[in-house]
Amino acid sequence: MTPGSSTTVSSPKYLTDLGVWFDEPDQPFPDEALLSASVQRYRVAEFSFRDCEGGSEKPIRPTLRWTEFVALPKSQEEESATTPTIPIDELAPWVRQSLPKLLQLCRLGQNWDSYGGIPPSRKSVHPIVRLLQFTEIEDLPQPEVVPTSEGGFQLEWYMGNHELEIELHRDGAVEFLASDIENGTEREGLVDDLNALRTLLIRMSGRS
Amino acid sequence: MTQRPIDLPDFDASPVAEVVLGVRYTTPEKLRVFHIGRYRDVIKDEFPVFEEHALVPRGEERGLRLTTGPPPLPRCWLLNEAGTKLVQLQTDRFLHNWRKVTGEEPYPRYEAIRDEFLRRWEQFLRFLEAEGLAKPTIVECELTYVNHIPKGTCWSKPSDIPGVFTFLRDDPGLSFLPPPESLACNLRYEPPGERGKLHVALGQAVRTQDETEVLRLDLAARGSLELPRDEDLPGWFDLAREWIVRGFADLTTEKAHQCWKRKV
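Residues numbered from 1 in each chain as written. Chains lettered and ligands numbered in written order. Predicted model: local features only at pLDDT ≥ 70, side-chain atom pairs only at ≥ 80, totals over all residues.

## Remarks on the overall build of chain A
Helix and strand content of chain A: four helices and twelve strands. Counting only residues that meet the buried cut, chain A has 28% of its 208 residues in that class. Considering only contacts in chain A between residues 6 or more positions apart, those separated by 24 or more positions represent 51%. (Helix = DSSP H or I, 4+ residues; strand = E, 2+ residues; numbered from the N terminus. Buried ≥ 20, exposed ≤ 12 C-beta atoms within 10 Å, placed from the backbone. Contact = placed C-beta atoms within 7 Å.)

## So, the overall build of chain B
Regarding its fold elements, chain B presents five helices and nine strands. Shown N-terminal to C-terminal, the secondary structure of chain B runs as helices and strands in the order β-α-β-β-β-β-α-β-α-β-β-β-α-α. Evaluated residue by residue, chain B yields a buried proportion of 31% over its 264 residues. In chain B, 69% of the contacts between residues at least 6 apart in sequence involve partners at least 24 apart.

## Some remarks on the nonpolar core
Core analysis: the biggest nonpolar cluster contains 82 residues, and A:Leu99, A:Ile128, A:Val129 and B:Ile244 have the highest contact counts within it. The element that contributes the greatest number of residues to this core is strand S1 (residues 16–26) of chain B, accounting for seven residues. Not counting residues within four places of it along the chain, the set of residues in contact with B:Ile244 comprises B:Leu143, B:Tyr145, B:Leu198, B:Leu219 and B:Ala221. (Core = buried A, V, L, I, M, F, W, Y, C linked by C-beta atoms within 7 Å.)

## A short note on helix H3 (residues 125–134) of chain A
Residues and elements named next belong to chain A. Burial runs high along H3: eight of the ten residues are buried. Looking at H3, one finds that the buried residues are Val125, His126, Pro127, Ile128, Val129, Arg130, Leu131 and Leu132. Backbone geometry just after H3 places glutamate 136 at a positive phi near 60°.

## As for the confidence of the model for chain A
Residues and elements named next belong to chain A. Chain-level pLDDT for chain A is 74 on average; 64% of the residues reach the 70-or-more range. Averaged pLDDT values for the elements of chain A fall to 38 in strand S1 (residues 7–8) and rise to 97 in strand S8 (residues 144–147). Taken as a whole, residues 1–60 scores under 50 in pLDDT and shows 97 contacts with residues more than four places along the chain or in a different chain. (pLDDT = per-residue confidence, 0-100.)

## Some remarks on the environment of B:Thr91
Residues and elements named next belong to chain B. Locating threonine 91 in the fold gives a position in the loop between strand S4 (85–90) and strand S5 (93–99). Note on threonine 91: 17 C-beta atoms within 10 Å, which makes it partly exposed. Excluding residues that lie within four positions of it along the chain, threonine 91 makes contacts with Lys30, Leu31, Pro72 and Leu73.

## Re helix H4 (residues 233–251) of chain B
Spanning 19 residues, H4(B) covers 26 Å between terminal C-alpha atoms, matching the ideal 27 Å at 1.5 Å per step. Contacts from the buried residues of H4(B) go to S1, helix H2 (110–130), strand S6 (137–150), strand S8 (197–207) and strand S9 (212–223) of chain B. (Expected span 1.5 Å × (residues − 1).)

## A few points about the sheet that holds strand S12 (residues 185–190) of chain A
All names here are of chain A. Pairing is antiparallel across the open sheet formed by five strands, whose spatial order is S8-S9-S10-S11-S12. Strands at the two margins of the open sheet, each flanked by one partner only, are S8 and S12. On average, each strand axis in the sheet is tilted by 15° relative to the strand beside it, whichever way the strands run. Looking at chain direction, S8 and strand S9 (residues 153–159) are connected through four bridges and run antiparallel. Across the sheet, the residue bridging to glutamate 144 is glutamate 156, located in S9. Sitting on the sheet, helix H2 (residues 93–105) is in contact with S8 and S9, with an inclination near 10° to S8. (Pairing = 2+ DSSP bridges. Axes fitted to C-alpha atoms, helices over the stretch in contact; angles between N-to-C directions.)

## Some points on the packing of H2(A) against H3(A)
Residues and elements named next belong to chain A. Between H2 and H3, the shortest axis-to-axis distance is 11 Å and the interhelical angle comes to 160°. The angle between H2 and H3 places the two elements in the roughly antiparallel class. Judged by the sense of rotation from one axis to the other, the crossing of H2 with H3 is right-handed. Seen from H2, the contacting residues are Val95, Leu99, Leu102 and Leu103; seen from H3, they are Val125, Ile128, Val129, Leu132 and Gln133. (Parallel < 35°, antiparallel > 145°, perpendicular 65-115°, else oblique. Left-handed = near helix turned anticlockwise from the far one by under 90°.)

## Brief notes about unusual backbone geometry
Of note, the phi angle at A:Glu136 is positive, near 60°, even though the residue is not glycine. By the element assignment, A:Glu136 lies in the loop between H3 and S8. Non-glycine residue B:Arg109 carries a positive phi angle of around 80°. The partly exposed category is assigned to B:Arg109, around which 15 C-beta atoms lie within 10 Å.

## Focus on the environment of A:Leu105
Its location among the elements puts A:Leu105 in helix H2. Apart from the residues within four sequence positions on either side, A:Leu105 is in contact with A:Pro120, A:Val145, A:Pro147 and A:Phe153.

## A word on the environment of A:Leu200
All names here are of chain A. Note that leucine 200 resides in helix H4 (residues 194–207). For leucine 200, a count of 22 C-beta atoms within 10 Å puts it in the buried group. Placed 50 residues apart in sequence, leucine 200 and glutamate 150 show a C-alpha to C-alpha distance of 24 Å. The contacts of leucine 200, once residues within four sequence positions are left out, are Leu164, Phe176 and Ala178.

## Description of the pairing of S8(B)
Residues and elements named next belong to chain B. Among the eleven residues that make up S8, eight are buried, leaving the element largely enclosed by the rest of the structure. Inspection of the sheet shows strand S7 (residues 184–189) paired to S8 by six bridges, in the antiparallel sense. Considered in S8, the bridge of arginine 188 is made with histidine 199. Between S8 and S9, which follow one another and run antiparallel, lie four residues, and glutamate 211 among them has a positive phi close to 60°.

Below, the structure is given as C-alpha coordinates:
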(Lines give C-alpha, C1' and ligand atoms only; values in the text may rest on other atoms or scores of the structure.)
Protein backbone atom coordinates (compact mmCIF):
# COMPACT_ATOMS: atom_id res chain seq x y z
CA MET A 1 0.00 0.00 0.00
CA THR A 2 1.37 3.41 -0.83
CA PRO A 3 0.45 6.71 0.72
CA GLY A 4 -2.56 8.21 -1.00
CA SER A 5 -3.90 4.92 -2.24
CA SER A 6 -7.22 3.63 -1.06
CA THR A 7 -7.25 1.46 1.97
CA THR A 8 -9.88 -0.45 3.82
CA VAL A 9 -11.12 -0.48 7.33
CA SER A 10 -13.21 -2.78 9.42
CA SER A 11 -14.86 -2.48 12.76
CA PRO A 12 -12.38 -1.96 15.54
CA LYS A 13 -10.76 -5.19 16.58
CA TYR A 14 -10.12 -4.00 20.06
CA LEU A 15 -9.86 -0.86 22.03
CA THR A 16 -6.91 -0.17 24.26
CA ASP A 17 -5.91 2.71 26.43
CA LEU A 18 -4.16 4.38 23.59
CA GLY A 19 -6.04 3.67 20.45
CA VAL A 20 -8.19 1.63 18.21
CA TRP A 21 -6.82 -1.14 16.09
CA PHE A 22 -8.44 -2.44 12.95
CA ASP A 23 -7.99 -5.83 11.41
CA GLU A 24 -9.06 -7.77 8.31
CA PRO A 25 -10.04 -4.95 5.97
CA ASP A 26 -13.43 -5.58 4.43
CA GLN A 27 -14.81 -2.34 3.07
CA PRO A 28 -13.38 0.50 1.02
CA PHE A 29 -12.26 3.62 2.75
CA PRO A 30 -11.91 6.67 0.53
CA ASP A 31 -8.54 8.27 -0.17
CA GLU A 32 -9.45 11.74 0.93
CA ALA A 33 -11.04 10.73 4.20
CA LEU A 34 -9.24 10.68 7.45
CA LEU A 35 -10.00 8.11 10.04
CA SER A 36 -9.71 9.36 13.55
CA ALA A 37 -10.56 7.92 16.87
CA SER A 38 -10.34 9.55 20.23
CA VAL A 39 -10.45 7.79 23.50
CA GLN A 40 -12.01 9.17 26.60
CA ARG A 41 -9.62 10.09 29.40
CA TYR A 42 -6.51 10.12 27.26
CA ARG A 43 -7.88 12.07 24.34
CA VAL A 44 -5.37 10.37 22.13
CA ALA A 45 -6.06 10.00 18.47
CA GLU A 46 -4.39 6.90 17.12
CA PHE A 47 -4.09 5.73 13.55
CA SER A 48 -3.35 2.26 12.39
CA PHE A 49 -1.02 2.38 9.44
CA ARG A 50 0.50 -0.30 7.35
CA ASP A 51 3.81 0.02 5.66
CA CYS A 52 4.76 -1.56 2.35
CA GLU A 53 8.48 -1.66 2.90
CA GLY A 54 10.08 -4.57 1.05
CA GLY A 55 6.88 -5.27 -0.85
CA SER A 56 5.09 -6.87 2.07
CA GLU A 57 2.80 -5.13 4.43
CA LYS A 58 3.78 -5.02 8.04
CA PRO A 59 2.08 -3.22 10.86
CA ILE A 60 3.85 -0.31 12.44
CA ARG A 61 3.48 -0.43 16.19
CA PRO A 62 2.77 2.90 17.75
CA THR A 63 5.08 4.01 20.53
CA LEU A 64 4.04 5.81 23.65
CA ARG A 65 4.41 9.57 23.50
CA TRP A 66 3.88 11.68 26.60
CA THR A 67 3.05 14.68 24.41
CA GLU A 68 -0.27 13.00 23.62
CA PHE A 69 -1.36 13.20 27.22
CA VAL A 70 -3.09 16.47 26.60
CA ALA A 71 -4.03 18.35 29.73
CA LEU A 72 -7.66 17.34 29.62
CA PRO A 73 -9.72 19.59 31.86
CA LYS A 74 -11.00 18.00 35.02
CA SER A 75 -14.31 19.72 34.60
CA GLN A 76 -16.14 21.87 32.10
CA GLU A 77 -15.11 24.94 34.07
CA GLU A 78 -11.54 24.46 32.99
CA GLU A 79 -12.22 24.12 29.28
CA SER A 80 -12.07 27.80 28.52
CA ALA A 81 -9.69 28.89 31.25
CA THR A 82 -6.04 28.98 30.27
CA THR A 83 -4.16 29.67 33.50
CA PRO A 84 -1.53 26.96 33.69
CA THR A 85 -2.08 24.94 36.83
CA ILE A 86 -1.57 21.24 37.49
CA PRO A 87 -4.26 19.60 39.62
CA ILE A 88 -2.66 17.61 42.42
CA ASP A 89 -5.60 16.29 44.41
CA GLU A 90 -5.80 13.03 42.48
CA LEU A 91 -2.10 12.32 42.08
CA ALA A 92 -0.44 9.24 43.54
CA PRO A 93 1.98 10.24 46.32
CA TRP A 94 5.10 9.43 44.29
CA VAL A 95 3.88 11.55 41.37
CA ARG A 96 2.92 14.41 43.67
CA GLN A 97 6.30 14.24 45.39
CA SER A 98 8.08 14.31 42.02
CA LEU A 99 6.21 17.37 40.76
CA PRO A 100 8.26 20.05 42.58
CA LYS A 101 11.49 18.61 41.20
CA LEU A 102 10.08 18.44 37.66
CA LEU A 103 9.11 22.12 37.83
CA GLN A 104 12.32 23.13 39.55
CA LEU A 105 14.42 21.60 36.75
CA CYS A 106 12.60 23.83 34.26
CA ARG A 107 14.43 26.77 35.84
CA LEU A 108 17.73 25.54 34.40
CA GLY A 109 19.29 27.88 31.88
CA GLN A 110 20.57 27.15 28.42
CA ASN A 111 23.86 25.23 28.46
CA TRP A 112 23.13 24.18 32.04
CA ASP A 113 25.57 21.29 31.82
CA SER A 114 28.24 23.28 29.94
CA TYR A 115 27.75 20.89 27.01
CA GLY A 116 25.00 22.88 25.34
CA GLY A 117 22.27 21.34 27.53
CA ILE A 118 18.68 22.44 26.83
CA PRO A 119 16.44 23.09 29.86
CA PRO A 120 13.19 21.13 30.08
CA SER A 121 10.05 23.08 29.22
CA ARG A 122 7.41 23.96 31.83
CA LYS A 123 4.77 23.08 29.25
CA SER A 124 6.00 19.49 29.27
CA VAL A 125 5.38 18.95 32.98
CA HIS A 126 1.59 18.69 32.92
CA PRO A 127 1.35 16.00 30.21
CA ILE A 128 4.17 14.05 31.86
CA VAL A 129 2.35 14.17 35.19
CA ARG A 130 -0.80 12.96 33.45
CA LEU A 131 1.08 10.10 31.84
CA LEU A 132 2.44 9.00 35.22
CA GLN A 133 -0.99 9.40 36.80
CA PHE A 134 -2.60 7.21 34.15
CA THR A 135 -0.33 4.31 34.99
CA GLU A 136 -2.53 4.08 38.10
CA ILE A 137 0.42 2.87 40.17
CA GLU A 138 -0.13 4.14 43.69
CA ASP A 139 2.65 2.53 45.67
CA LEU A 140 5.99 3.40 44.25
CA PRO A 141 8.94 5.14 45.88
CA GLN A 142 9.66 8.67 44.76
CA PRO A 143 12.09 8.45 41.82
CA GLU A 144 15.22 10.48 41.33
CA VAL A 145 14.34 13.09 38.73
CA VAL A 146 17.17 14.39 36.58
CA PRO A 147 17.28 16.50 33.43
CA THR A 148 18.66 15.24 30.15
CA SER A 149 20.90 17.31 27.92
CA GLU A 150 18.28 17.25 25.17
CA GLY A 151 15.65 19.00 27.30
CA GLY A 152 13.87 15.96 28.65
CA PHE A 153 13.59 14.28 32.03
CA GLN A 154 14.80 10.97 33.38
CA LEU A 155 13.13 9.17 36.28
CA GLU A 156 15.33 6.69 38.11
CA TRP A 157 14.56 4.00 40.68
CA TYR A 158 17.19 1.94 42.45
CA MET A 159 15.93 -1.00 44.47
CA GLY A 160 18.43 -3.59 45.61
CA ASN A 161 19.88 -5.17 42.51
CA HIS A 162 17.29 -3.66 40.22
CA GLU A 163 17.40 -0.34 38.46
CA LEU A 164 14.86 1.28 36.21
CA GLU A 165 15.34 4.43 34.19
CA ILE A 166 12.50 6.03 32.28
CA GLU A 167 13.59 8.75 29.90
CA LEU A 168 10.98 11.22 28.72
CA HIS A 169 12.41 12.75 25.58
CA ARG A 170 11.64 16.31 24.61
CA ASP A 171 9.89 15.10 21.43
CA GLY A 172 7.51 12.93 23.44
CA ALA A 173 9.14 9.52 23.11
CA VAL A 174 9.47 7.40 26.24
CA GLU A 175 12.45 5.11 26.60
CA PHE A 176 13.38 2.65 29.32
CA LEU A 177 16.45 0.89 30.67
CA ALA A 178 15.87 -1.92 33.18
CA SER A 179 18.92 -3.48 34.80
CA ASP A 180 19.34 -6.53 36.99
CA ILE A 181 22.78 -6.09 38.51
CA GLU A 182 22.82 -9.53 40.10
CA ASN A 183 22.23 -11.32 36.81
CA GLY A 184 24.11 -8.77 34.75
CA THR A 185 21.17 -8.32 32.39
CA GLU A 186 19.85 -5.16 30.82
CA ARG A 187 16.79 -4.44 28.71
CA GLU A 188 16.19 -1.19 26.95
CA GLY A 189 14.06 0.33 24.23
CA LEU A 190 11.12 2.53 23.44
CA VAL A 191 8.05 2.05 25.58
CA ASP A 192 5.29 0.81 23.27
CA ASP A 193 2.22 1.85 25.17
CA LEU A 194 0.80 2.73 28.53
CA ASN A 195 0.46 -0.91 29.53
CA ALA A 196 4.15 -1.48 28.86
CA LEU A 197 5.04 1.47 31.07
CA ARG A 198 2.65 0.22 33.72
CA THR A 199 4.27 -3.22 33.61
CA LEU A 200 7.74 -1.76 34.10
CA LEU A 201 6.57 0.29 37.07
CA ILE A 202 4.63 -2.58 38.62
CA ARG A 203 7.79 -4.69 38.55
CA MET A 204 9.64 -1.98 40.46
CA SER A 205 6.67 -1.48 42.74
CA GLY A 206 6.80 -5.16 43.67
CA ARG A 207 10.43 -4.78 44.69
CA SER A 208 9.90 -1.86 47.02
CA MET B 1 -18.66 51.52 30.40
CA THR B 2 -21.33 49.93 32.62
CA GLN B 3 -21.09 50.93 36.28
CA ARG B 4 -20.53 48.37 38.98
CA PRO B 5 -23.59 47.82 41.24
CA ILE B 6 -22.76 49.54 44.52
CA ASP B 7 -23.91 46.68 46.74
CA LEU B 8 -21.92 43.98 44.94
CA PRO B 9 -19.22 42.41 47.16
CA ASP B 10 -15.87 43.96 46.36
CA PHE B 11 -12.30 43.09 47.35
CA ASP B 12 -9.12 45.13 47.17
CA ALA B 13 -6.95 42.01 46.94
CA SER B 14 -9.24 39.66 45.06
CA PRO B 15 -7.72 36.22 44.34
CA VAL B 16 -9.04 36.27 40.77
CA ALA B 17 -6.40 35.00 38.34
CA GLU B 18 -8.42 34.72 35.14
CA VAL B 19 -11.77 35.83 33.72
CA VAL B 20 -13.26 34.32 30.57
CA LEU B 21 -16.24 35.56 28.59
CA GLY B 22 -17.36 33.61 25.60
CA VAL B 23 -20.01 32.15 23.40
CA ARG B 24 -20.55 28.81 21.74
CA TYR B 25 -22.21 29.12 18.37
CA THR B 26 -23.31 27.25 15.32
CA THR B 27 -22.79 28.36 11.76
CA PRO B 28 -24.33 27.09 8.54
CA GLU B 29 -20.85 26.99 7.01
CA LYS B 30 -17.93 26.02 9.19
CA LEU B 31 -14.93 28.17 9.72
CA ARG B 32 -12.02 26.96 7.63
CA VAL B 33 -8.35 27.22 8.36
CA PHE B 34 -7.87 30.18 6.02
CA HIS B 35 -10.62 32.11 7.83
CA ILE B 36 -8.63 31.82 11.03
CA GLY B 37 -5.55 33.11 9.23
CA ARG B 38 -7.48 36.08 7.88
CA TYR B 39 -9.07 36.82 11.25
CA ARG B 40 -5.62 36.82 12.77
CA ASP B 41 -4.63 39.55 10.34
CA VAL B 42 -7.55 41.65 11.60
CA ILE B 43 -6.37 41.64 15.21
CA LYS B 44 -2.67 40.90 14.98
CA ASP B 45 -1.57 44.41 15.95
CA GLU B 46 -3.05 43.89 19.41
CA PHE B 47 -2.71 40.10 19.50
CA PRO B 48 0.54 39.29 17.73
CA VAL B 49 1.22 35.92 19.36
CA PHE B 50 -0.39 32.80 17.89
CA GLU B 51 -0.64 29.38 19.51
CA GLU B 52 -2.52 26.23 18.56
CA HIS B 53 -4.05 24.06 21.23
CA ALA B 54 -6.05 20.87 21.32
CA LEU B 55 -9.71 21.24 20.62
CA VAL B 56 -11.66 20.63 23.78
CA PRO B 57 -15.00 19.00 23.00
CA ARG B 58 -18.19 19.55 24.92
CA GLY B 59 -18.87 17.01 27.62
CA GLU B 60 -21.33 15.00 25.57
CA GLU B 61 -18.86 14.78 22.69
CA ARG B 62 -16.25 12.86 24.64
CA GLY B 63 -15.69 9.19 24.03
CA LEU B 64 -15.00 7.18 20.92
CA ARG B 65 -15.82 8.92 17.66
CA LEU B 66 -15.06 7.81 14.16
CA THR B 67 -15.25 10.60 11.64
CA THR B 68 -14.46 11.07 8.00
CA GLY B 69 -13.55 14.32 6.31
CA PRO B 70 -10.92 16.88 7.14
CA PRO B 71 -9.45 16.90 10.63
CA PRO B 72 -11.01 19.41 13.01
CA LEU B 73 -9.39 22.81 13.38
CA PRO B 74 -7.44 23.26 16.60
CA ARG B 75 -8.35 25.83 19.19
CA CYS B 76 -6.35 28.91 18.21
CA TRP B 77 -5.06 31.37 20.77
CA LEU B 78 -4.34 34.92 19.72
CA LEU B 79 -2.45 36.60 22.55
CA ASN B 80 -1.16 40.04 23.31
CA GLU B 81 2.58 40.42 23.81
CA ALA B 82 2.36 40.05 27.60
CA GLY B 83 0.09 37.00 27.38
CA THR B 84 -2.45 38.66 29.68
CA LYS B 85 -5.22 38.93 27.08
CA LEU B 86 -6.21 36.38 24.53
CA VAL B 87 -8.89 35.52 22.05
CA GLN B 88 -9.61 31.82 21.69
CA LEU B 89 -11.20 30.76 18.47
CA GLN B 90 -12.38 27.37 17.35
CA THR B 91 -15.08 26.34 14.90
CA ASP B 92 -17.83 26.64 17.48
CA ARG B 93 -16.43 28.97 20.16
CA PHE B 94 -15.30 32.52 20.58
CA LEU B 95 -13.72 33.29 23.95
CA HIS B 96 -11.98 36.31 25.39
CA ASN B 97 -9.70 35.82 28.41
CA TRP B 98 -7.96 38.16 30.79
CA ARG B 99 -5.43 36.45 33.03
CA LYS B 100 -2.53 37.10 35.33
CA VAL B 101 0.83 35.97 34.03
CA THR B 102 3.40 37.31 36.50
CA GLY B 103 0.86 37.60 39.32
CA GLU B 104 1.53 41.33 39.63
CA GLU B 105 -0.94 42.54 37.02
CA PRO B 106 -3.80 44.63 38.44
CA TYR B 107 -7.27 43.19 37.87
CA PRO B 108 -8.88 45.43 35.23
CA ARG B 109 -12.37 44.67 36.65
CA TYR B 110 -15.28 42.88 35.02
CA GLU B 111 -16.77 45.92 33.29
CA ALA B 112 -13.63 46.58 31.27
CA ILE B 113 -13.21 42.91 30.32
CA ARG B 114 -16.88 42.60 29.37
CA ASP B 115 -16.79 45.67 27.16
CA GLU B 116 -13.70 44.41 25.42
CA PHE B 117 -15.28 41.00 24.83
CA LEU B 118 -18.40 42.61 23.35
CA ARG B 119 -16.25 44.77 21.07
CA ARG B 120 -14.27 41.74 19.92
CA TRP B 121 -17.41 39.69 19.30
CA GLU B 122 -18.92 42.49 17.20
CA GLN B 123 -15.65 42.74 15.31
CA PHE B 124 -15.70 38.97 14.72
CA LEU B 125 -19.28 39.16 13.38
CA ARG B 126 -18.24 41.93 11.00
CA PHE B 127 -15.32 39.78 9.89
CA LEU B 128 -17.61 36.83 9.16
CA GLU B 129 -19.93 39.07 7.19
CA ALA B 130 -17.02 40.42 5.18
CA GLU B 131 -16.00 36.85 4.43
CA GLY B 132 -19.47 36.12 3.13
CA LEU B 133 -20.29 33.76 5.98
CA ALA B 134 -23.72 33.66 7.57
CA LYS B 135 -24.24 35.13 11.00
CA PRO B 136 -23.64 32.52 13.69
CA THR B 137 -26.34 31.52 16.15
CA ILE B 138 -25.32 31.65 19.78
CA VAL B 139 -26.24 28.45 21.61
CA GLU B 140 -24.45 29.04 24.90
CA CYS B 141 -22.85 31.88 26.81
CA GLU B 142 -20.16 31.48 29.41
CA LEU B 143 -18.58 33.59 32.11
CA THR B 144 -15.82 31.99 34.18
CA TYR B 145 -13.79 33.35 37.09
CA VAL B 146 -10.69 31.39 38.11
CA ASN B 147 -9.39 32.18 41.60
CA HIS B 148 -6.02 31.15 42.98
CA ILE B 149 -5.67 31.07 46.75
CA PRO B 150 -1.97 30.45 47.37
CA LYS B 151 -0.69 28.39 50.25
CA GLY B 152 0.68 30.74 52.89
CA THR B 153 -2.04 33.36 52.45
CA CYS B 154 -5.29 32.46 54.18
CA TRP B 155 -4.33 28.80 54.53
CA SER B 156 -1.06 26.99 55.18
CA LYS B 157 -1.97 23.38 55.81
CA PRO B 158 -4.89 21.10 54.84
CA SER B 159 -6.56 21.56 58.21
CA ASP B 160 -6.82 25.32 57.47
CA ILE B 161 -8.88 24.82 54.31
CA PRO B 162 -12.28 24.52 56.01
CA GLY B 163 -11.59 27.99 57.44
CA VAL B 164 -11.63 29.41 53.91
CA PHE B 165 -14.88 27.96 52.57
CA THR B 166 -18.28 28.23 54.21
CA PHE B 167 -19.45 24.94 52.71
CA LEU B 168 -16.60 23.13 54.48
CA ARG B 169 -16.78 25.09 57.72
CA ASP B 170 -19.30 23.15 59.73
CA ASP B 171 -17.62 20.73 62.05
CA PRO B 172 -18.74 17.29 60.87
CA GLY B 173 -17.92 15.87 64.29
CA LEU B 174 -15.13 13.62 63.11
CA SER B 175 -13.27 12.06 66.00
CA PHE B 176 -11.13 9.52 64.18
CA LEU B 177 -10.10 10.79 60.76
CA PRO B 178 -7.23 13.24 60.38
CA PRO B 179 -7.63 16.29 58.09
CA PRO B 180 -8.00 15.15 54.47
CA GLU B 181 -4.81 14.61 52.54
CA SER B 182 -6.36 16.10 49.42
CA LEU B 183 -9.56 17.86 48.54
CA ALA B 184 -11.65 18.42 45.42
CA CYS B 185 -15.33 19.14 44.97
CA ASN B 186 -17.88 20.32 42.45
CA LEU B 187 -21.08 22.22 43.20
CA ARG B 188 -23.83 23.35 40.84
CA TYR B 189 -26.50 25.99 41.34
CA GLU B 190 -29.43 27.02 39.19
CA PRO B 191 -30.31 30.69 39.06
CA PRO B 192 -34.03 31.38 38.62
CA GLY B 193 -35.51 31.89 35.17
CA GLU B 194 -33.77 29.02 33.35
CA ARG B 195 -30.99 31.30 32.20
CA GLY B 196 -28.26 28.81 32.91
CA LYS B 197 -26.32 27.21 35.72
CA LEU B 198 -23.52 28.20 38.03
CA HIS B 199 -20.79 25.57 38.28
CA VAL B 200 -18.29 25.73 41.13
CA ALA B 201 -15.14 23.62 41.23
CA LEU B 202 -12.61 23.55 44.04
CA GLY B 203 -9.35 21.66 43.85
CA GLN B 204 -5.72 21.69 44.85
CA ALA B 205 -3.21 22.58 42.18
CA VAL B 206 0.31 23.76 41.56
CA ARG B 207 0.66 26.95 39.57
CA THR B 208 3.15 26.07 36.86
CA GLN B 209 4.67 29.51 36.50
CA ASP B 210 5.89 30.05 40.06
CA GLU B 211 5.55 26.48 41.42
CA THR B 212 3.21 27.71 44.14
CA GLU B 213 0.60 25.38 45.60
CA VAL B 214 -2.84 26.96 45.35
CA LEU B 215 -6.45 26.21 46.05
CA ARG B 216 -8.14 26.77 42.73
CA LEU B 217 -11.75 27.91 42.92
CA ASP B 218 -13.50 28.18 39.57
CA LEU B 219 -16.94 29.71 39.22
CA ALA B 220 -18.47 29.34 35.78
CA ALA B 221 -21.91 30.47 34.66
CA ARG B 222 -23.29 28.93 31.50
CA GLY B 223 -26.53 29.53 29.66
CA SER B 224 -27.37 26.28 27.98
CA LEU B 225 -30.53 27.13 26.04
CA GLU B 226 -30.78 28.93 22.75
CA LEU B 227 -30.72 32.05 24.79
CA PRO B 228 -29.61 34.68 25.07
CA ARG B 229 -30.21 36.20 21.70
CA ASP B 230 -27.64 38.75 20.61
CA GLU B 231 -29.48 41.65 22.11
CA ASP B 232 -29.52 39.92 25.50
CA LEU B 233 -25.77 39.31 25.60
CA PRO B 234 -24.71 42.18 27.93
CA GLY B 235 -27.63 41.50 30.27
CA TRP B 236 -26.84 37.78 30.42
CA PHE B 237 -23.21 38.44 31.31
CA ASP B 238 -24.16 41.00 33.98
CA LEU B 239 -26.53 38.50 35.60
CA ALA B 240 -23.87 35.79 35.42
CA ARG B 241 -21.32 38.13 36.99
CA GLU B 242 -23.69 38.96 39.83
CA TRP B 243 -24.22 35.26 40.54
CA ILE B 244 -20.51 34.59 40.44
CA VAL B 245 -19.49 37.49 42.68
CA ARG B 246 -22.30 37.02 45.20
CA GLY B 247 -21.74 33.27 45.03
CA PHE B 248 -18.03 33.72 45.69
CA ALA B 249 -18.80 35.88 48.75
CA ASP B 250 -21.28 33.27 49.98
CA LEU B 251 -18.94 30.34 49.51
CA THR B 252 -15.97 31.91 51.28
CA THR B 253 -15.64 32.86 54.93
CA GLU B 254 -15.31 36.24 56.59
CA LYS B 255 -11.82 35.31 57.67
CA ALA B 256 -10.89 34.78 54.03
CA HIS B 257 -12.61 38.05 53.09
CA GLN B 258 -10.35 39.88 55.54
CA CYS B 259 -7.38 38.30 53.82
CA TRP B 260 -8.65 39.63 50.47
CA LYS B 261 -9.53 43.05 51.97
CA ARG B 262 -13.25 43.06 51.39
CA LYS B 263 -14.64 46.59 50.99
CA VAL B 264 -18.36 46.00 50.36
